[in-house]
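# Close look at the chain arrangement
Spelled out, the chains give:
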Amino acid sequence: MIEIVSPSSQQMDYGIKLFKYRNAAVREYRIVNPQKETVTVFDYEQEKKSNQYNFEEDIPVCIYENLSINIAELLS
């Protein structure tokens, strides 16, 4: 699941949806913040806490081995 944050949806994306997706057995939740150029990844399968990445980093896809995404490359 991927959410793109807007100023009006931050509370919902970082709070309400985070809780709902975890309880709905979503395997991985990503919150993309274009203003801060960050991606927060929640890996629910591994019970790991969140990891935060910037758009320039290769961001691993937790549910697929050997797959990563680089937002800066996608946008160029």
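Here we summarise the structure given alongside this text. These numbers come from a predicted model, not from an experiment.

A count of helices and strands for the protein chain gives two helices and six strands. Secondary structure elements of the protein chain occur, N-terminal to C-terminal, as β-α-β-β-β-β-β-α. Its C-alpha atoms give the protein chain a radius of gyration of 12 Å, within 12% of the compact-globule value 11 Å for 76 residues. Each principal axis of the C-alpha atoms in the protein chain carries an extent, and together these give about 35 × 35 × 15 Å. A separation of at least 24 residues holds for 26% of the contacts in the protein chain among residues at least 6 apart in sequence. Here the protein chain has roughly 5300 Å² of accessible surface; of this, 51% comes from carbon and sulfur atoms. Charged side chains of the protein chain number 8 positive and 12 negative; the gap between the two group centres comes to 10 Å.

As a further point, take the side chain of Asn70. Of note, Asn70 is situated in the loop between β6 (68–69) and α2 (71–75). The class of Asn70 is buried, set by a relative accessible area of 9%. Here the side chain of Asn70 touches Glu73 through a polar contact of 3.0 Å, landing on its backbone nitrogen. Those residues in contact with Asn70 that lie beyond four places of it in its chain are Phe55, Glu56, Glu57 and Asp58.

Moving on: the packing of aromatic side chains. By the definition in use, this model includes three aromatic pairs. Residues Tyr21 and Tyr29 carry aromatic rings whose centres are separated by 4.9 Å and whose planes lie at 65 degrees to one another, so their mutual orientation is edge-to-face. The pair Tyr21 / Tyr29 is uniform in exposure class, with both members buried. Between Phe42 and Tyr44, the aromatic rings sit 6.4 Å apart at their centres with planes inclined by 25 degrees, giving stacked as the arrangement. Each of the two residues, Phe42 as well as Tyr44, counts as buried. Every member of this aromatic cluster is reached through a ring pair, and the members are Tyr21, Tyr29, Phe42 and Tyr44.

Criteria and cut-off values
- Residues numbered from 1 in each chain as written.
- Predicted model: local features only at pLDDT ≥ 70, side-chain atom pairs only at ≥ 80, totals over all residues.
- Heavy atoms only, no water.
- Helix = DSSP H or I, 4+ residues; strand = E, 2+ residues; numbered from the N terminus.
- Rg over C-alpha atoms; globule rule 2.2 N^0.38 Å.
- Contact = heavy atoms within 4.5 Å.
- Areas by Shrake-Rupley, 256 points an atom, 1.4 Å probe, with all protein chains shown as cover.
- Lys, Arg positive; Asp, Glu negative; His and termini not counted.
- Charge placed at Lys NZ, Arg CZ, Asp CG, Glu CD.
- Buried < 20%, exposed > 50% of the residue type's maximum accessible area, 1.4 Å probe, protein only.
- Polar contact = N/O pair within 3.5 Å; in protein donor to acceptor, adjacent residues only side chain to side chain.
- Phe/Tyr/Trp six-rings, centres within 6.5 Å; stacked < 30°, edge-to-face > 60°.

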